[in-house]
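Here's the letter readout for the chains.
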Amino acid sequence: MAVRHTPSDQLRQLPSGMPTWRYDLYPPVVLPDRAWPGRTLDRAPMWCAVDLRDGNQALPVPMDLDRKRQLFDLQVGMGFKEIEVGFPAASKTDFDFVRLLIEEDLVPDDVAIQVIMPAREELIRRTYESLRGVRRAVVHLYHSTSCLQREVVFGMTRDQVRDLAVRSTELAVKLALDMSDSCIQYEYTPESFTGTELDFALEISNAVASVWGPGPDAKMILNLPATVEMSTPNVYADQIEFLHRNLERRKDLVLSIHPHNDRGTAVAAAELACLAGAERIEGCLFGNGERTGNVDLVTLGLNLFTQGVDAMIDFSDLGSVAATVEHCNRLPVHPRHPYAGELVHTAFSGSHQDAVKKGFESMERQAAVAGKPVSEVPWAVPYLPIDPRDIGRDYEAVIRVNSQSGKAGAAYLLRSEYHLDLPRPLQIEFAGTIQQHTDATGEELSVQQIWTVFEREYLRADAPIELLDHRIGTADGDGSTSLECTVSLSGEPRSLRGRGEGTPGALLDGLVHAGLTGYELRHFAQHALTSVDGSRFAAYVQVAHQGRTTWGVGIDTDPDTAALRAVVGGVNRLRPGPAARQVAAPALQDASGAAL
């Protein structure tokens, strides 16, 4: 029977009716020989964390001095060398915090604190006043240069805005000369750069640099922000490359960016801007900031890490970093946040879990061949672009089990937490049991709940047949094993003798003499368990009876006892009656053997 195809014109999307006419396409930059698409990010930028200023002003409850101190100490410990600590001319708390850092000598010699100031004389003077006695500081002047703000907010012409920038910089130079014992670096930001005509942004940047007079050993920072993200990331990269190529004193400048996330593409915009010539990035840990936030420094840094590039920032204890930032900001880190989110290393899907499990097994084999620990071989696990342990996470949350999970999820957790390496057919069988539980509740099962289900299914203490004691004889010339044992059959002790292939075969032979006939051994596996209280062994036995097949599991300090308990468990599961667990393996997988 031929497949009936739906005509394509029936699937066309229809106009939404929303007033798109109110908005214009952002004009592209004419840069036909742009070079950034052919470049690769192979080194870390200079980082400036602005959580204490830009991030702080966006908080529903701004940080007090104690929270500011905690966050500052965290960023110093992570390796940030430039930290914007406040807006001292606008807030008494910020002014007091700058004074606290200086007077209590809390700033390491190799760290520069940065303060921001608007282009107003009295506020510039107040900002410099806050820095008295500082060893090293970045003084950051900003004012808006965009066409829209010039016309709507300030009512100023381009010439007036340029003159304001020049006058403010002249005052900044004078005040810096009065602080000869301090190392002062100047930063200039034409705020709303992405809404500013490129020729005017170039003109005003050149004018400010000419007044400050930077040199190769005393560079000025030119910061080009996406104060509001207005275009696709490639356009921002074109804008950065245009200035990178055309600035008059480019070698004397540090080209900095400060992307916001209004379009949700700040990370991409920052990465492309670095390809286009930017050397420095201002942003916040976990992307806090006005509206949709500043660019996320954690994501940017760990994106580099996944490419084998050292971000020069220590993210090795990311959980603690997230906890401190959550405390200081009084805002949560989203559970789907890249790298730091509670769920980002977690696989619920059965196919994903199977791939992750096999990836870990492959890593272990590679490490064993190389004679190294797994942590010293290249990382290659499907669905996990980064080893969670490299950023201070453990593997406990990598696989979690719900109704979407397959055979690999529960098996992986039993292996990682309880060291049980279930044979693949047993994984499939147990997955069916777990599926029944998750379908019934609709909820996720914790590893402890999975173990409880496994114990009840395979390690029951109240089964009809129970092994009481045993003695194993020496193997005869034919390789068979003799066994004498005592079992409890529905509460009645019975002495059995049997002979067969290994202890499992000998026990099945003995059960025949007790009237339990027709049970066949199909598969046997055993391994040692890691345990702090001595050696233990796990045994897995697949038993068949009258067309039905299931597994038994035994755990004991003695390997033979573990094997015998596994046989008893399998037979118990196949015996008829309300206490038995009757499981037909073929019903637990599809024709291809795929996970349920």
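- As annotated in an unreviewed UniProt entry, the protein chain carries the name 2-isopropylmalate synthase and is attributed to Streptomyces collinus.
- Taken from UniProt, the Function (unreviewed entry) comment for the protein chain reads in full: "Catalyzes the condensation of the acetyl group of acetyl-CoA with 3-methyl-2-oxobutanoate (2-ketoisovalerate) to form 3-carboxy-3-hydroxy-4-methylpentanoate (2-isopropylmalate)."

### Quick look at unusual backbone geometry
Residues other than glycine predominantly adopt negative phi, and peptide bonds predominantly adopt the trans conformation.
1) Next: The phi torsion at M312 lies on the positive side, around 65°, for a residue other than glycine.
2) Next: Looking at the element boundaries, M312 is found in the loop between α10 (297-306) and α11 (318-329).
3) Next: By relative accessible area, M312 is classed as exposed at 56%.
4) Next: In this model, H419 sits at a positive phi of 65°, which is unusual for a non-glycine residue.

### A word on the sheet that holds strand β9 (residues 465-472)
1) Next: Strand order in the open sheet made by the three strands is β9-β10-β11, with antiparallel pairing throughout. Across the chains shown, the open sheet's two edge strands, defined by having one partner strand only, are β9 and β11 (492-500). Adjacent strand axes in the sheet meet at a mean angle of 25° when their direction is disregarded.
2) Next: Contacts from helix α16 (residues 502-512) reach β9, β10 (481-489) and β11, with the element oriented near 125° to β11.
3) Next: Seen against the sheet, helix α17 (residues 559-574) touches β9 and β10 and runs at an angle of roughly 145° to β9.

### Observations concerning the environment of Q70
1) Next: Looking at the element boundaries, Q70 is found in helix α2 (residues 65-78).
2) Next: A sequence separation of 254 residues divides Q70 from T324, and the C-alpha atoms of the two residues are 7.6 Å apart.
3) Next: Here Q70 is in contact with T324, H327 and C328, once residues within four sequence places are set aside.
4) Next: At a separation of 3.4 Å, a polar atom in the side chain of Q70 contacts the side chain of H327.

### Some thoughts on the packing of helix α3 (residues 92-103) against helix α4 (residues 121-130)
1) Next: Direction vectors running N to C along α3 and α4 enclose 30°, while the axes themselves pass 9 Å from each other. Relative to α4, α3 is oriented roughly parallel. Residues F95, V98, R99 and I102 of α3 form the contact with α4, whose participating residues are R126, E129 and S130.
2) Next: Residues belonging to the contact of α3 with α4 are distributed by class as follows: three nonpolar, one polar and three charged.

### Quick word on the UniProt feature "domain: Pyruvate carboxyltransferase" (unreviewed entry) in the protein chain
1) Next: With numbering aligned to this structure, UniProt lists the feature "domain: Pyruvate carboxyltransferase" (unreviewed entry) at residues 45-319.
2) Next: As annotated, residues 45-319 has a helix share of 44% and a strand share of 19%, and its two end C-alpha atoms lie 24 Å apart.

### Side note on the UniProt feature "binding site: Mg(2+)" (unreviewed entry) in the protein chain
1) Next: The feature "binding site: Mg(2+)" (unreviewed entry), as annotated in UniProt, sits at D54, H258, H260 and N294 in this numbering. Spatial clustering of the annotated residues is evident: they stretch over 241 residues in sequence, but the largest pairwise C-alpha distance comes to 10.7 Å.
2) Next: Excluding residues within four positions of it along the chain, H260 makes contact with D54, A226, T227, E229, A266, E290, R291, G293 and N294.
3) Next: A polar contact of 3.5 Å, which involves the side chain of H260, links it to the backbone oxygen of G293.
4) Next: Looking at where N294 falls in the secondary structure, it is placed in the loop between β8 (280-283) and α10.
5) Next: Taking relative accessible area as the criterion, N294 reaches 2% and is therefore assigned buried.
6) Next: Setting aside anything within four residues of it in sequence, one finds N294 in contact with D54, G55, H258, P259, H260, G283, C284, G287, N288 and G289.

What counts and how
Residues numbered from 1 in each chain as written. Predicted model: local features only at pLDDT ≥ 70, side-chain atom pairs only at ≥ 80, totals over all residues. Heavy atoms only, no water. UniProt positions renumbered as here; feature names shortened; annotations may be inferred. Helix = DSSP H or I, 4+ residues; strand = E, 2+ residues; numbered from the N terminus. Buried < 20%, exposed > 50% of the residue type's maximum accessible area, 1.4 Å probe, protein only. Pairing = 2+ DSSP bridges. Axes fitted to C-alpha atoms, helices over the stretch in contact; angles between N-to-C directions. Contact = heavy atoms within 4.5 Å. Polar contact = N/O pair within 3.5 Å; in protein donor to acceptor, adjacent residues only side chain to side chain. Parallel < 35°, antiparallel > 145°, perpendicular 65-115°, else oblique. Nonpolar A, V, L, I, M, F, W, Y, C, P; charged D, E, K, R; others polar.

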